[in-house]
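Working through the structure, step by step
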Amino acid sequence: MENFPFLSVLTLTPLVGAVIVALLPVSAAKDAKGRNRADEAAKWVALVISLLVFVGTMLMFFAFDKNGDRFQFTEDYTWIPSFGTEFAFGVDGIALVMLALIALLVPIVILASWHDGVGGKRSVKTFFALMLALETCMIGVFAVTDVLLFYVFFEAMLVPMYFLIASYGGPRRQYAAVKFFLYSLVGGLFMLAAVIGVYVVSTDQLGDGTFSFEQLTQLDIDPTTQRWLFLGFFIAFAIKAPLVPFHTWLPDAGGQAPIGAAVLLVGVLDKVGTYGMLRYCLPLFPDAAVYFAPWIVGISVAGIIYGALLAIGQSDMKRLVAYTSIAHFGFIALGVFAFTSQAGTGAVLYMVNHGLSTGALFLVVGFLINRRKSSQVADFGGAGKVVPWIAGAFLIAGLSSLALPGTNSFVSEFLVLVGSFATNKAATVIATIGIVFAALYILWLYQRTMQGKLNPEMPKMRDISLRESVVIAPVLVLIVAMGFYPKPVIDVITPAVNFTMNDIDKKDPAPEARDEARSSEEQGDEAKSGAQK
Amino acid sequence: MLSLLWLIIALPLAGAAVLLLAGAPPLRRLGADKWGHYLGSATVGVSFLLAVGAFFALKDRSDRHYEDQLWSFIPVGDLQVDIGLLFDPLSAVFVLLITGVGFLIHVYSIGYMADDPGRRRFFGYLNLFVAAMLVLVLGNNFVSLYAGWEGVGLASYLLIAFWYDRPSAATAAKKAFIMNRVGDVGLAIAIFVLFAQLGTITYDGVFSNVDDLSSVTITVVALLLLLGACGKSGQFPLQAWLPDAMAGPTPVSALIHAATMVTAGVYLIARANPIFSASETAQLVVCIIGAITLMIGCIIGCAKDDMKQVLAYSTVSQIGYMFLAVGLGGPAYALGIAHLLAHGFFKAGLFLGAGSVMHGMKDQGDIRRFGGLAKYMPITAVTFGLGYLAIIGLPPLSGFFTKDPIIEHAFDRPGWTGWVFGGAALLGAGLTAFYMTRLMVLVFFGKKRWTDDIKHPHESPAVMWWPMVVLAVGSVSAGYLFYRGDALSDWLAPVLGEPHEAATHKIEPGVLTATVIGVVVVAALFAAALFWRGTALQEQPVRSPFVIAARRNLYADAFNEAVLEKPGLWLTRILVYFDSRGIDGMVNGLAATVGGTSSRLRRLQTGFVRSYALTMLFGAVAVVAALVAAGWR
């Protein structure tokens, strides 16, 4: 099992699926229920392929040796040898849990989008082909250990997502898609410059230039160069993840994207930003990371409060969820740049948990929008009476978003905060105040949509359908299960975070009071022994 | 027996899961609406029996301390958070209170909620509450405490908003959750400080190393814990949510917002007594908070006309007494717990009585519209009356044996602060007697004043009155338990320290007791004389600013609205504007400058998505070409 080329196969499978879906013949033939046969076939192919990827990823997840090498399932194939770049695959615990998240979310999203393209002007087939193409890019970006290849996937992700937003999104989809695209492209350009910079440095130091992650971490880059290269990567990641003030594309993109794409955009794509900070910025440029950390902690905390306050002020449900994510990305970045094993592990776990909780929120919001044909909060009211099970799912997703103990997000938020407190006291205190605002934006949203008097303008709405239950149930079950027993996931993440901590030469601070007590005891002992002498 | 401790939590938790999921369409044929309330009551009943068994098992252990690690919860580096249980004298009394009173209130709810279509859901939430509350008191570390702490917050939220189509209930629930979260921030930061300082968050690890902490750190941690306690227990300045929480069904008010959850703050301070005892400043602040709150509760309680509102403010006030007690520290810790237990009985009984009255009066709660009900609801009147005698603190009922020593210890506090706290506690006792007598007289005695649509006020069914009888018996007999000298404080000694009498008293105990009883009797008689003939049916215009302030909850809500809500709302609005015009405007402006060219380009092409794609493809090819060229240089 260990020798199976999991990563390349998992990366390519959805791409093959996308090609199959794209090549399915277009026909107007209808089946007995009046559905377009070609469209139905496209959906089923997409679903089956994504489920195959899920099974494969789970096999890999359980074959991963959490106490083994840093990178496992490594593969190398020649790409451009003259250039020092290879098709190099390999995952550590951080990438592994993200791959598991992708593999879980894609089939869910495909099933959630089952009827989304139907009846519109756009091709249903293309929608599902794009989804699969997006999955390939997402898996690729986490599965590679070659910096250039990472960059290629990082940029390639934009293309399917761009089309998903621009072709299948809401009324302002063009604006949102272009904004998303331009922002990301600008960030990508900074990163490209830095990637080339790293290559140049490696040529200087090693003779032969390389893009291999492991070799690049061995470089000894002088601090000034490090800072510039760090910034190149970091700006790209800060736009992707988005941190304040690079965030304004997200509410538009998240608000206009079709629900399935929104789940993947906020749940996975944006995590590439925080993942990149942890997996690339820290190990490649340790001195620069330490140098910039106070500033980044500052904008992270600002983002926690700012994103939450803006979420409170939103009147559109999708935009509201997008703003909550900006606050959550603040927590993740805080955890990454706090440089303790608890905060780092918490940040990675947060990436997974946020994918689940925000994914669930977007999915439920999608159910509601499908029924009401509106995403405005004010168009709902008292809906809990009509659709109690959707309301229940909404509440569980919301409670996870506000990090209630018993849900997954509590574990990660607690880890981030308890880990950050040791190194950044004031920032952590401010960040903790953010949990009050989190309660406010979630519960107020819930009150305005689900509680209170029934809004008379709401049409008759069906409660949750079987398909929707199948979509949302696994996410909710995971939210609760990982709230009670997160250890299996934590145990995979922590060793990888410790490797990263070693890269930047940081250790967990010792308990302060114990430390003082011990040192004063030692001094006392010395004094005693001195007196004896 | 002790190894079955986990079942005490697991049973109600499983009950909650079954009850809430059983409403799903595929499971509906199980007919859970018909048996759900029995299941819900049974889980708590069995938990109570297990708790009794565990209690006796604990009694047999010489160290009266039992810990059980269940599973590893959050293990990262030095941080090792386990799900573990701690059963010691302090948690034992809480577990008995929660499951015992909880069971009675479950049974009562069978009758009270009989006509409500959401009864199954109600019992699901109640079971969830019991489970979370047990996690809170049974955990052996601060993270478990926090988990239970927020868990009861959720259950409280769900139950206050049980009738979620009522806007007032939904708003009250949200208010409760958010004000609690303000307190939770304090609790959370306290945990962070403890971990950063000591590298552990277990009770054992923290309490045995308090000496290593600097005195400033201890005070900071204690005050942060106190903030959490104030939120959960409705203490000043976070008291405003508790009276609003009465929007929930009355059994909820009895169980959560009187007997158990709101006393969690007292539990926290008693549990963390090694920290509080090490900081005089923190103890003083606890006393101040307790004294202020007990006065606030009494004053507002005198001005309220809704039965549940009066009881809610009396809860605020009685918990103020408990805070005062645990703030005094030393032997008074046990007094706080004693008063908490006694209060658990009589206040739960009073609320159930209020529910019984409202049940018989078409859900009216205005005491000006009652009167003479003793004749129609004899059982309710007697059980309520016993609870009333207990709360005003007349011997030989339980309230006397728990409140009187608190007043005594408050006076005994060294220095002039003793006179202040003692005076406040004594004055509070008088005011309590006044407003509770007013309530008792206006509801049960005098002429009937109810509206015409209520033809026959009636006694509640047996399933409702017998829990009231049990609680009334408890309110009376608990006094005997506390009367027997130091039985409770001896039992709690392994946690709270050995009880010892103060050497000197400022006021001779006999004199003080006589004074307290005198004040209570005079206040009660005064109120009885004032209200025996009933009261005006409309709210009376008043000239005294004091009364106006009391009717408006001493302006706490007005303050919150003016200082927090309105400015907060404006802030978010300004930020939303700033975000779209400021930050985004800047970016769009930049884009427009650059985009002058792109819009011309767009005109050249079709303006379709395809054009962007082509541009992109072209760009990508160009980038790769540049790279390759660079490589071959």
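What to know about the overall build of chain A
Helix and strand content of chain A: 21 helices and 2 strands. Against the compact-globule benchmark of 24 Å for 533 residues, chain A has a radius of gyration of 24 Å, which places it among compact chains. For chain A, the spread of C-alpha atoms along the three principal axes comes to 95 × 60 × 40 Å. Relative to its full complement of 533 residues, chain A shows a buried share of 65%. The long-range share in chain A, meaning contacts at least 24 apart out of those at least 6 apart in sequence, stands at 81%. Within the structure as shown, chain A displays about 18200 Å² of accessible surface, and the carbon and sulfur contribution to it stands at 63%.

Observations concerning the overall build of chain B
Per the secondary structure count, chain B includes 24 helices and 2 strands. For chain B, with 633 residues in total, the buried portion stands at 60%. Taking all contacts inside chain B whose residues are at least 6 apart in sequence as the whole, residues at least 24 apart take part in 81%. Total accessible area computed for chain B in this model is approximately 24200 Å², and 67% of it derives from carbon and sulfur atoms.

Quick look at the packing of aromatic side chains
All names here are of chain A. One pass over the structure, following the stated rule, counts 53 aromatic pairs over all chains. Pairing Phe233 with Phe237 gives two aromatic rings, centres 6.1 Å apart and planes at 45°, and the pair type is tilted. Placement of the pair is Phe233 and Phe237 together in helix α9 (residues 223-240), with a separation of 4 residues, close to one helical turn. Classification of Phe233 by relative accessible area gives buried; the value is 0%. Considering the side-chain rings of Phe233 and Phe285, the 5.5 Å spacing of their centres and the 50° angle between planes classify their relative orientation as tilted. With Phe233 in helix α9 and Phe285 in the loop between α12 (271-284) and α13 (286-312), the pair connects residues that are 52 residues apart, well separated along the chain.

Description of helix α7 (residues 173-206) of chain A
Over its 34 residues, α7(A) extends 47 Å from the first C-alpha to the last, a length consistent with the 50 Å expected when each residue adds 1.5 Å. Positive backbone phi, at 90°, marks A:Gly207, one or two positions downstream of α7(A).

Here's the deal with the interface of chain A and chain B
For interface size, the figure often reported is the accessible area lost on association. With 76 residues of chain A at the interface, the matching set in chain B holds 71 residues. Together, the buried faces of chain A and chain B total about 6400 Å²; carbon and sulfur atoms form 72% of this surface. In this assembly, chain A and chain B are joined by 1 salt bridge. Salt-bridge contacts for A:Lys385 lead to B:Asp165; the nearest nitrogen and oxygen are separated by 3.4 Å. For the pair chain A and chain B, the number of links is 14 residue pairs in polar contact (both at pLDDT 80 or more). Top element by residues in the side of chain A that touches chain B is helix α18 (residues 425-450) of chain A. It accounts for 13 residues. Along the lines of polarity and charge, the residues of the side of chain A that touches chain B split into 51 nonpolar, 17 polar and 8 charged.

Remarks on the pattern of salt bridges
This model, assessed by the stated rule, comprises 20 salt bridges over all chains. For A:Glu40, the salt bridge identified is with A:Lys43, shortest N-O distance 3.1 Å. One end of the pair, A:Glu40, and the other, A:Lys43, are both in helix α2 (residues 37-63), 3 residues apart, so they sit about a helical turn from each other. Summarising the burial analysis for this pair, A:Glu40 and A:Lys43 share the class buried. A salt bridge links B:Lys175 to B:Asp244; the shortest N-O distance between them is 2.8 Å. Of this pair, B:Lys175 sits in helix α6 (residues 167-198) while B:Asp244 sits in helix α9 (residues 241-244), placing them 69 residues apart in sequence. Look at the salt bridges and you will find they share partners, linking B:Asp305, B:Asp366, B:Arg368 and B:Arg438 into a network.

Structural notes on the pairing of strand β1 (residues 66-76) of chain B
Residue and element names in this part refer to chain B. Looking at chain direction, β1 and strand β2 (residues 79-87) are connected through 9 bridges and run antiparallel. If you follow Gln69 over to β2, its bridge partner there is Gly84. Between β1 and the antiparallel strand that follows it, β2, lie 2 residues; Gly77 among them carries a positive phi value of about 55°.

Focus on the state of the cysteines
One pass over the structure, following the stated rule, counts 0 disulfides over all chains. B:Cys302 provides the cysteine sulfur closest to B:Cys298, a residue in no disulfide bond, and the two sulfurs are 6.8 Å apart.

Observations regarding the packing of helix α10 (residues 249-256) of chain A against helix α14 (residues 317-336) of chain A
All names here are of chain A. Remark: α10 packs on α14, axes separated minimally by 8 Å, with the N-to-C direction vectors making an angle of 135°. Judged by the angle between their axes, α10 and α14 are oblique. Taken as a pair, α10 and α14 cross one another with a handedness that is right-handed. Where α10 approaches α14, its residues Leu250, Pro251, Asp252, Gly254, Gly255 and Gln256 are matched on the opposing element by Lys318, Arg319, Ala322, Tyr323, Ser325, Ile326 and Phe329.

Focus on the packing of helix α1 (residues 6-23) of chain A against α2(A)
Residue and element names in this part refer to chain A. Put simply, α1 and α2 touch, their axes get as near as 9 Å, and they point 175° apart. Considered as vectors, α1 and α2 are oriented roughly antiparallel to each other. Within the contact between the two elements, α1 uses Phe6, Leu7, Leu10, Thr13, Pro14, Gly17, Ile20 and Val21 and α2 uses Ala42, Val45, Ala46, Ile49, Val53, Gly56, Thr57, Leu59 and Met60. Here the contact of α1 with α2 is built from residues that sort into 13 nonpolar, 4 polar and no charged.

Section: the environment of A:Val416
All names here are of chain A. Mapped onto the secondary structure, Val416 falls in helix α17 (residues 408-423). The exposure class of Val416 is buried, given its relative accessible area of 0%. Considering only alpha carbons, one finds Val416 and Thr428, 12 residues apart in sequence, at a separation of 9.0 Å. Dropping the residues within four chain positions of it, Val416 is found in contact with Phe331, Leu334, Gly335, Gln342, Ala343, Gly346, Ala347 and Tyr350.

Here's the deal with the environment of A:Arg462
Residues and elements named next belong to chain A. Looking at the element boundaries, Arg462 is found in the loop between α18 and α19 (466-484). What makes Arg462 exposed here is its relative accessible area of 60%. Each C-alpha atom of the pair Arg462 and Leu368 lies 10.0 Å from the other, and the pair is 94 residues apart in sequence. In this structure, Arg462 is in contact with Arg371, Val387 and Ile390, ignoring residues within four places of it in sequence.

Digging into the side chain of B:Ser144
Within the element layout of this structure, B:Ser144 appears in helix α5 (residues 142-160). Excluding its chain neighbours within four sequence positions, the residues that come into contact with B:Ser144 are B:Asp82, B:Gly84, B:Val135 and B:Gly139.

Parameters and conventions
- Residues numbered from 1 in each chain as written.
- Chains lettered and ligands numbered in written order.
- Predicted model: local features only at pLDDT ≥ 70, side-chain atom pairs only at ≥ 80, totals over all residues.
- Heavy atoms only, no water.
- Helix = DSSP H or I, 4+ residues; strand = E, 2+ residues; numbered from the N terminus.
- Rg over C-alpha atoms; globule rule 2.2 N^0.38 Å.
- Buried < 20%, exposed > 50% of the residue type's maximum accessible area, 1.4 Å probe, protein only.
- Contact = heavy atoms within 4.5 Å.
- Areas by Shrake-Rupley, 256 points an atom, 1.4 Å probe, with all protein chains shown as cover.
- Phe/Tyr/Trp six-rings, centres within 6.5 Å; stacked < 30°, edge-to-face > 60°.
- Expected span 1.5 Å × (residues − 1).
- Buried area = accessible area lost by both parts, 1.4 Å probe.
- Salt bridge = Lys/Arg side-chain N within 4 Å of Asp/Glu carboxyl O.
- Polar contact = N/O pair within 3.5 Å; in protein donor to acceptor, adjacent residues only side chain to side chain.
- Nonpolar A, V, L, I, M, F, W, Y, C, P; charged D, E, K, R; others polar.
- Pairing = 2+ DSSP bridges.
- Disulfide = S-S within 2.5 Å.
- Axes fitted to C-alpha atoms, helices over the stretch in contact; angles between N-to-C directions.
- Parallel < 35°, antiparallel > 145°, perpendicular 65-115°, else oblique.
- Left-handed = near helix turned anticlockwise from the far one by under 90°.

As far as function goes, none of this settles anything; it's purely spatial.
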